[in-house]
Amino acid sequence: MNLFPLFADLSGRAVLIVGGGSVAERKAALLLAAHARIDVVAQTMTPTLTQWASAGDVRHLAREFAPEQLDGHWLAIAATDDAALNAQVASAANARRIFVNVVDAAALSTFHVPAIVDRAPLVIAISSGGTAPMLARLARERIESLIDHSWGALADLLARARARIRARWPRLEARRRFYETVLRGPVAQLVQQQRHAEAQAALERMLGAQEHALTTIVSTEDKAVEGHGGDESRVGSVVLVGAGPGDPGLLTLHALRALNEADVIVHDRLVSDAILDLARRDAERIDVGKQAGFHRLQQPLINKLMLEHARAGKRVLRLKGGDPFVFGRGGEEIEFLRAHGIAFSVVPGVTAASACAAYAGIPLTHREHAQSVRFFTAHKKLTEYSIAHKPLGETLAIYMGVGEFATVREELLASGLAPQTPFAIIENGTRPQQRVVLGKLDELVARARACDVRSPALLIVGEVASLAASHHWFGAPPEID
Ligand code: SAH
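Below you will find a few notes about this structure. It should be emphasised that the depicted structure is a prediction, and the values quoted were computed from it without experimental measurement. (Residues numbered from 1 in each chain as written. Predicted model: local features only at pLDDT ≥ 70, side-chain atom pairs only at ≥ 80, totals over all residues. Heavy atoms only, no water.)

Some points on the site of the ligand
Here's step 1: If you check the shell around the ligand, you find 19 residues, and the closest are Val326, Thr351, Met400, Gly429 and Ala457.
Here's step 2: Met400 is positioned with one of its backbone polar atoms (N or O) 2.8 Å from an oxygen atom of the ligand.
Here's step 3: The separation between an oxygen atom of the ligand and a polar main-chain atom of Ala457 is 2.6 Å.
Here's step 4: Contact with the protein chains removes 93% of the 540 Å² of surface that the ligand exposes when unbound.
Here's step 5: Sorting the residues of the shell around the ligand by element identifies helix H14 (352-360) and strand S17 (457-461) as the ones contributing at least two each.
Here's step 6: Across the shell around the ligand, the residue classes tally to 12 nonpolar, 5 polar and 2 charged. (Near = heavy atom within 4 Å. Polar contact = N/O pair within 3.5 Å; in protein donor to acceptor, adjacent residues only side chain to side chain. Areas by Shrake-Rupley, 256 points an atom, 1.4 Å probe, with all protein chains shown as cover. Helix = DSSP H or I, 4+ residues; strand = E, 2+ residues; numbered from the N terminus. Nonpolar A, V, L, I, M, F, W, Y, C, P; charged D, E, K, R; others polar.)

What about the environment of Val100?
Here's step 1: If you trace the backbone, Val100 turns up in strand S5 (residues 99-102).
Here's step 2: What makes Val100 buried here is its relative accessible area of 0%.
Here's step 3: Each C-alpha atom, one on Val100 and one on Ala90, is 6.1 Å from the other, the two residues being 10 residues apart in sequence.
Here's step 4: The residues contacting Val100, other than those within four sequence positions of it, are Ala76, Val89, Ala90, Ala93, Leu108, Ser109, Thr110 and Phe111. (Buried < 20%, exposed > 50% of the residue type's maximum accessible area, 1.4 Å probe, protein only. Contact = heavy atoms within 4.5 Å.)

Description of the pairing of strand S14 (residues 394-399)
Here's step 1: Within S14, 6 of the 6 residues are buried, leaving the element largely enclosed by the surrounding structure.
Here's step 2: Burial along S14 is two-sided: Glu394, Leu396 and Ile398 and Thr395, Ala397 and Tyr399, pointing in opposite directions, are all buried.

Below, the structure is given as structure tokens:
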């Protein structure tokens, strides 16, 4: 079956629905959204259809179907559970050259209702020609996850400026380049950031700019790019994305979209291959794998890379393990970008503490065991935190501790934690090779050594840690002494 795809304007036009059940109701809802006039022929109607009828949104034409009822209608839908009646509606509609959809009967239908991804006014319709509705549904799911909800607002913005854009760039080639710049650049980013006035202003500036200067238009910090080559400085943007702890299923939709759109990906060592595999195939990947102890050396290099690529007009994805704002130096990176006038946005990720706790069966807070949770890093500054004043029943999540378990143990004991306080070490949390080691604070160092714990690992200290013994559900069972 070779179907011709089309979008129909049904506004104010009459459509006949035969049937009053839940399927008919769903079709009526779609038609109402398109402002069609709806007539229903049905013995009985669902409560919602009845309500629409009494509100005047649909008209209950008759209880019994008669072919003449079709006259004057642009489309018909047969949605009864009586196959013979549906077939009768179809043949009567065909005789009158009225397009008809028979629910669940592709062969009797002269039009199909596609699966849709709705970013009105942008609508994507998917059809398998009635052969494989499941495949169409799957395709819809995929596309749904790829297309940001802000595209609707973007389409509206462009629709309002369409005539002016056409007048400003009469040549199709130039107009294409203009749209390309809008859609891949700061205007789209501002719309996504819900900064509509600024998006409008950026669009206005682009409409006023010379063609060769189009790509120099920046969203907010125009002055900051002065002195960086003027016209040649094509300005891209940076999105700081949290990749979560490793399991690709824990990516956000925004992260997935950013992976699909990026020109350049600057990623940490902690980001798993399974996640990098989801990136656009032709994106350039730069591994800036930070090893413990080399942070200070690496950061200026990372900053330089982001800046160079953004200034070359690229969409840069700065991909970090976990959440960029939890021990991820995300704050410093956006300060740097701000200072250099590069547009940026931030996508949070599932941080190791949440993820490791969940995948180990450890609730970070619990009515009976812990009223609060604190995130620490074991690196150097641990002594500066005042663990001593910890309220009763607090969970401690300690990042980056593998090399410092001895110090951590000593400090926690010195600050008043009982030697019997339970701990859990989660190594490679959420990944196929996840391991969980349980014990009491007193024996932390010995247990970690005996079990040969390696980085990345997260340490959870507090009553809740012992719950992993009974609540674990993912990967290998916990190692208990
Ligand atoms: N921004 C990251 C943390 C970076 S610090 C986040 O929000 O998760 C790096 C430390 O995070 C590691 O040393 C380890 O303690 C912890 N970590 C990150 N991913 C982990 C994982 N999959 N399993 C266990 N710990 C992890």
